[in-house]
Amino acid sequence: MTHTRSVAPLDAFGADDLQAVGGKSANLGELLRAGLPVPPGFVVTTDAYAKVAAGIGLEERFTGRDADTAPDPAALRADLESAPVPEGLRAAITAAYADLGADVPVAVRSSATAEDLPGATFAGQQDTHLNVVGADAVVDAVRRCWASLWTDRAVSYRAERSVADSEVRIAVVVQRMVDSDVAGVMFTADPVSGARDRVIVDAGAGLGEAVVSGLVTPDHYVLDHGGRLLEWTPGRGEVVIRAVAGGGVRRQERPEAGDTGDREGAGAGRGEPLLTDDQLSVLVAHGRTIAQHFGRPQDIEWCLSGGRVYIVQSRPMTALPPVTGPLNRRQRLLGSVLTEYVPVRPYPMDVSTWFGRGPARMMQEIAEAYGITGGFEDFYAEEDGVVTQLTPRAPRPTLRALAAPFRLARRPRAMDVRAWREDPRFTEFLRRADELDALDPAALPWPDLVQVPDRVLALLDHCRDLRLDYLPSTGVSVARLAAATALLGRRSLLGDLLGGARTRTEDANRALQDLADTVRATPELRALFASADPAEIVRELRSGRGPLGAFAKDLDAFQREYGRRETTTPLLVSPPTLAESPESVVGLVRVLVGREREDDPGSRSERALSRLLEHPLLRGERARARMIRWVRAAQSGLAFREDSHFYFTAGLPALRRALLEVGARLRAAGVVDEPFDVFHLRLEEVLEIRDVEDVPADQVTRLRSLVRARAAKRAELAGVRLIDPARVFPVKDRGDALVSGTPASAGTATGPVRVVRGPADFHRLESGDVLVCPYTNPSWTPLFQRAAAVVVDTGAAASHAAIVAREYGIPAVMGSGTGTAVLTDGERVTVDGSAGRVVRAS
């Protein structure tokens, strides 16, 4: 066969030739060399593409451009589709095509240098042309494959994985066409569960394009690695794609019996499998061989023609869930905390700062002081610098735990939680937090700037010490009140009694309600909030005068006072804070505008206290005074628990501003493309840079490579959960329930479902909706004033959402695991918070 720098046989290439022939061709060449049944063919190499691209001045179009000024992909695509193919190249393609046979039908497929790789398959991003006949048609198909490198979807996919447009090249693989009877896809591991001892085969009649493109519901086979069939689900055969004589394909809807090749009426929804046991065994054997050859699970495209199996593509499986095992009870307990507090994947910078050395370490140090170890140690796993999964450990007591009760018993007497705000350590904490908040990162010299993270993390020492000293008093006071109400037969009042604590979270909620009252009372604001989304509202407020301008100032004042709070989780620095998210605040205000101000938890608490004091045993003055003292102490304890949480995020804005300034300077140095890309680096990698204005070229190259690889890995894992909810919240027998979980706040309520996945969805919640969400944190509290009930994927009865739901008297189900996946917007359901069940409303 013809063999030049631009055109060569497929079996001339292998894994070492990625830059010359792209991922698809390199993998197929490897399989041919290994003796697998791959259709013969040739490759039009990246060198050929480079020659044609040079002819349209592609490289010059990228010179001196950044992401914001890059060439228009549509223009590049059009120019490549019409670019002249040099005569020498055209002759080489024609000769290689002739070597396959006279006017033989071929498949012409793209093979980019960035595709079919671990972490980036680029599946479906570039073009494939099937049943191409004739030399001129082959050359034209090659040119269209080149142009497909610049489709909008391909450009976007590369951007998500930090693959530079200017660096990617494309080859084209041309193979003898297999007119298949049955074709499909095989995974050598379960792509859903991650089980490595399973093989998944999807099959459809005709050409495999119907299965790969999702046009057909295929036969679905689950097998073990020995080829034993474990499960079969028949497909529906909605579409069959067939080759047409003379070139091209035809799409046939709902095939009739007999249109499944050599087996009359088989499969395609007719109750009979498309593949026999022997054919499945052959497929599995090939899959096992291919996975072993490449050393990792594979995503394989195959076809069956005349009883023979052919392999037409193999690439590494991406987004494959990590191998996991069952969790014991203590691991599930910690897992319920982690799923609530780590709802999104941490970045490497998170891990090396706030996530790895911040609140989680503080909680571990507090636990160790009480004689408990293992809870927040090694609770996540990383690959290539990216967190792949949460790995909850089983907390375990040490010998130190034996003495803990005696040490803890002394602290409530010595450290009265009602006086914690007067503690000099708290005063010093606030002073240092304000000092950090006042920093202007842009004005700091590089050595001072990169030290800000350590200064922020040092703040948590004060929070740790305060919690160590005052949490015992909190525990004693709450336990005492719980025991007293139980003995008096008034246990039902406990939730409202405890809800009367005045906290910074409650202050923030009242401030939000004040903003909502202003909107309701101002016609211009009321009209704006009723007709625009949060982003539009913020733009109007910023540019407005009169009432709009005045409200913008009120919004700024709220963000200055409460903007240190997290929007997503207190354990990560990568998500924005409330100070950076006026849209989130506006979304919360919009939720409250539709509902008049209600009694706050303090009012309900006072009514509950009055009812408690009506008990016959509390009629005496001393007994009443003692009970009131106990209630106030328990309220102060819970206020400390909530407020110490509020304050330990005080350093987040300063830390985040400093890191983004680091990113801005690294962008100027050519290390990253965008300031936020700094989160793909670890702090220690940034600290290696001595002078950001003179970073050595080899260091720039190394750090850029790390950013790119981690961005690709993160993109690969975008659809993979950090932990399978079913491992943390085992599925129970639900009966007729759509969703079940932990009972967290008693009562029943019926309403339409509203799935709120994050702060960007706050404004969608309407009064009377059933709030269904993956997690919550204190910034979500105002939503509970409008919701009829709440269902959360994560958490437990002691979680923030459960506590707030009890304060507002709405039913709550926690730890549903699948609420956001099963329940859909608008679906009417009844939530039973006492039983932990959600059923379809009758």
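Note that the structure is predicted; figures quoted are calculated from it, not measured.

1. A look at the sheet that holds strand S23 (residues 812-814)
Reading across from one edge, S18-S25-S24-S20-S21-S22-S23-S19 is the order of the eight strands in this open sheet, with mixed pairing throughout. Of all the strands in the sheet, the pair left with one neighbour each is strand S18 (739-740) and strand S19 (742-745). Pairing analysis gives two bridges linking strand S22 (residues 789-792) to S23, with the strands arranged parallel. Residue pairing in the sheet places Val-790 in a bridge with Ala-812 of S23.

2. Re the environment of Gly-819
Residue position: Gly-819 is located in helix H31 (residues 819-822). For the pair formed by Gly-819 and Pro-84, sequence separation is 735 residues and the distance between their alpha carbons is 56 Å. The contacts of Gly-819, once residues within four sequence positions are left out, are Val-739, Val-772 and Asp-793.

3. A word on the confidence of the model for the chain
When the pLDDT values of the chain are averaged, the result is 88; 93% of them are 70 or greater. Note that residues 255-269 has pLDDT below 50 and, in this model, 42 contacts with residues that lie over four places away or in other chains.

4. Comments concerning the sheet that holds strand S3 (residues 106-112)
Pairing is antiparallel across the open sheet formed by five strands, whose spatial order is S1-S2-S5-S3-S4. Edge positions in the sheet fall to strand S1 (7-9) and strand S4 (128-132), since each of these pairs with one other strand and no more. Averaged over all pairs of adjacent strands, the angle between strand axes in this sheet comes to 20 degrees, irrespective of strand direction. As paired strands, S3 and S4 are joined by three bridges and run antiparallel to one another. The residue bridging Arg-109 from the neighbouring strand is Thr-128, located in S4. Across the face of the sheet, helix H1 (residues 18-33) comes into contact with strand S2 (41-44), S3 and strand S5 (170-176) while running at roughly 125 degrees to S3.

5. Some words on the packing of H1 against helix H9 (residues 277-294)
One can describe the packing of H1 onto H9 by two numbers: an axis separation of 11 Å at closest approach and a directional angle of 115 degrees. Overall, the two elements H1 and H9 adopt an arrangement that is roughly perpendicular. Every pair of crossing elements has a handedness; the one defined by H1 and H9 is right-handed. Here H1 contributes Asn-27, Glu-30 and Leu-31 to the contact with H9, which in turn contributes Ile-290, His-293 and Phe-294. Classifying every residue of the contact of H1 with H9 gives three nonpolar, two polar and one charged.

Rules behind the numbers
- Residues numbered from 1 in each chain as written.
- Predicted model: local features only at pLDDT ≥ 70, side-chain atom pairs only at ≥ 80, totals over all residues.
- Heavy atoms only, no water.
- Pairing = 2+ DSSP bridges.
- Helix = DSSP H or I, 4+ residues; strand = E, 2+ residues; numbered from the N terminus.
- Contact = heavy atoms within 4.5 Å.
- pLDDT = per-residue confidence, 0-100.
- Axes fitted to C-alpha atoms, helices over the stretch in contact; angles between N-to-C directions.
- Parallel < 35°, antiparallel > 145°, perpendicular 65-115°, else oblique.
- Left-handed = near helix turned anticlockwise from the far one by under 90°.
- Nonpolar A, V, L, I, M, F, W, Y, C, P; charged D, E, K, R; others polar.

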